[in-house]
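Chains, contacts and geometry: an overview
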Amino acid sequence: MNTRLKTIDLARGASVFIMILVHTLWMYSSTELQSESLFGAVIHILGKGTASFLVAMGLSMALSRRQTPMLLIKRGIQLLLLAYLMNAAKFWLPIEVFNTMPEAFINAYGWQSPLSAGQLQFMVLTGDILQLAGVSLLLFGALNIARWKTAWIACLAIAIALVSQFVRGQQFALSPYISDLFFANNYQVYFPVFPWISAILTGYVLGRLYINSQHNAAYLFSVCAKLGAALLIIGTAWLIADFKGQFGNFFHLNGGGIIYLIGLNLFGLAVIEYVFGNKFNGPITRALLYASKHVTALYIIQWVLICWLMGVFGYHTQSLWPTLCLMGLMGLLTFAVHKVYLQTKQTILAIKQKPKRTA
């Protein structure tokens, strides 16, 4: 990505650290700390930055030269494979192989050990943000969206946001699970395509505008500020009129909820650009840029570590200070494991590329 869009990378990198905080809270903290404390409320508010990550994804796609249908479809398939392998590592291994998953976690599903094959399958097929990204790339490839006019893509983003509440929970003949990937109102799929892909499409439109402006970053973030403010006003008014229907379930938002979140995050990006921009280049900035560059790998690593270590620290058992310590520990372990992964990968590549001695 062009260095003038450093703000986008900083926001995406920040989302990596925030997701570690949020997921640690969800899995380790007591229900009282999560739902009845200021600390829990703040962490949950930070977790609403999901839309910023998706906007950045769309913007990056627009700037990428790899937009041929086959490349998009290939990347989509890769992300889906990684997503389900991650689920197997998160759930199947600690339940069936390590035998370390707390029974309280199993009980949270309304089940008891030992789990049936169908229950394990339900867990492994859990739809998270990687499934959303993978399915979105498949759709982009199938529609060959790179050939669409910018206005068409903007209209598609609006249309999906507006119709989401009318298709929520719908099933079509191909497969109930595939239907859920698009329209879910249950917790096997947390980020259905409707309406979350609207955030990706919005980012794609912004990327197009950035390119058409001759890579004018000031213009891009001016658009982010104005569009974000407009969407915030529309979204806020809609939520005032129907908060429960539009934002009552964060993972299964409807039109008002996704419009509000996109607006909030676009305006936030403009504020980050204005306050920070290219003014700082210290260790925190470098850490954020590193996280942005390796976001997929770090996402997978942190989820697997958090689920594996529930066998040590329990599920929904921790108070404030242990939770804070665990947040720090999960962050350090995530980046340490990733560093080892990169070093191992480089070593393997060096061995493969080393010329063989001839007799």
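What you see is a predicted model; the values in this text were computed from it and never measured.

1. Overview of the side chain of Ser-175
One can find Ser-175 in the loop between α9 (150-167) and α10 (176-183). Within the structure, Ser-175 has its side chain in polar contact with the backbone nitrogen of Tyr-177 (distance 3.2 Å).

2. What to know about the environment of Asn-186
Checked against the element boundaries, Asn-186 lands in the loop between α10 and α11 (193-212). Judged by its relative accessible area of 26%, Asn-186 falls in the partly exposed class. Along the sequence, Asn-186 and Asp-242 sit 56 residues apart, while their C-alpha atoms lie 20 Å from each other. In this view, Asn-186 contacts Asp-180 and His-252; residues no more than four positions away in its chain are not counted. Only 3.2 Å separates the side chain of Asn-186 from the side chain of Asp-180, close enough to count as a polar contact. At a separation of 2.9 Å, a polar atom in the side chain of Asn-186 contacts the main-chain amide nitrogen of Gln-188.

3. Structural notes on the pattern of salt bridges
Applying the stated criterion to the full structure yields one salt bridge. Between Asp-9 and Arg-12 there is a salt bridge whose closest N-O contact spans 2.8 Å. Placement of the pair is Asp-9 and Arg-12 together in helix α1 (residues 6-28), with a separation of three residues, close to one helical turn. We classify Arg-12 as buried; its relative accessible area is 13%.

4. Thoughts on helix α17 (residues 320-353)
Taking 1.5 Å as the rise per residue, α17 with 34 residues should run 50 Å; its terminal C-alpha atoms sit 50 Å apart, in good agreement. Inspection of α17 places Thr-323, Leu-326, Met-327, Met-330, Gly-331, Thr-334, Phe-335, His-338 and Leu-342 among the buried residues, and these make up the whole buried set. Where α17 is buried, its residues touch α1, α2 (31-36), α3 (38-46), α14 (283-293), α15 (295-308) and α16 (310-313).

5. Quick look at unusual backbone geometry
Along the chain, Ser-113 connects to Pro-114 via a cis peptide bond; the corresponding omega equals -5°. Going from Phe-194 to Pro-195, the amide bond is cis rather than trans, its omega being 15°. Among the structural elements, Pro-195 can be located in helix α11. Of note in this structure, Asn-99 is not a glycine but carries a positive phi near 60°. Mapped onto the elements, Asn-99 comes out in the loop between α5 (69-97) and α6 (103-108). Of note, the phi angle at Gln-214 is positive, near 65°, even though the residue is not glycine.

6. Section: the packing of aromatic side chains
Throughout the structure, instances matching the rule amount to 26 aromatic pairs. With a centroid separation of 6.4 Å and an interplanar angle of 65°, the aromatic rings of Phe-172 and Phe-182 are classed as edge-to-face. Of this pair, Phe-172 sits in the loop between α9 and α10 while Phe-182 is found in helix α10, placing the two residues 10 residues apart along the sequence. Of the residues examined, Phe-182 reaches a relative accessible area of 17% and is grouped as buried. For the pair Phe-172 and Phe-183, a centre-to-centre distance of 6.2 Å together with 85° between the ring planes defines the contact as edge-to-face. Taken as a pair, Phe-172 in the loop between α9 and α10 and Phe-183 in helix α10 lie far apart in primary sequence, 11 residues in all. Residue classification places Phe-172 among the partly exposed positions, given a relative accessible area of 34%. Of the residues examined, Phe-183 reaches a relative accessible area of 13% and is grouped as buried. Looking at Lys-48, its charged tip hangs above the ring of Phe-250, at a distance of 4.8 Å from the centre. Here the basic side chain of Lys-90 rests over the ring of Trp-303, its NZ or CZ set 4.0 Å away from the ring centre.

7. A few points about the packing of α5 against α15
Where α5 contacts α15, the two axes come as close as 8 Å, and the packing angle between them is 15°. Compared by their axis directions, α5 and α15 come out roughly parallel. Here α5 and α15 pass one another in a crossing that is right-handed. Contact with α5, carried on its side by Arg-75, Leu-79, Leu-82, Met-86, Ala-89, Lys-90, Phe-91, Leu-93 and Pro-94, involves Thr-296, Tyr-299, Ile-300, Trp-303, Val-304, Cys-307 and Trp-308 of α15 and no other residues of that element. When grouped by side-chain class, the residues that make up the contact of α5 with α15 number 13 nonpolar, one polar and two charged.

What counts and what doesn't
Residues numbered from 1 in each chain as written. Predicted model: local features only at pLDDT ≥ 70, side-chain atom pairs only at ≥ 80, totals over all residues. Heavy atoms only, no water. Helix = DSSP H or I, 4+ residues; strand = E, 2+ residues; numbered from the N terminus. Polar contact = N/O pair within 3.5 Å; in protein donor to acceptor, adjacent residues only side chain to side chain. Buried < 20%, exposed > 50% of the residue type's maximum accessible area, 1.4 Å probe, protein only. Contact = heavy atoms within 4.5 Å. Salt bridge = Lys/Arg side-chain N within 4 Å of Asp/Glu carboxyl O. Expected span 1.5 Å × (residues − 1). Phe/Tyr/Trp six-rings, centres within 6.5 Å; stacked < 30°, edge-to-face > 60°. Lys NZ or Arg CZ within 6 Å of the ring centre and 35° of its normal. Axes fitted to C-alpha atoms, helices over the stretch in contact; angles between N-to-C directions. Parallel < 35°, antiparallel > 145°, perpendicular 65-115°, else oblique. Left-handed = near helix turned anticlockwise from the far one by under 90°. Nonpolar A, V, L, I, M, F, W, Y, C, P; charged D, E, K, R; others polar.

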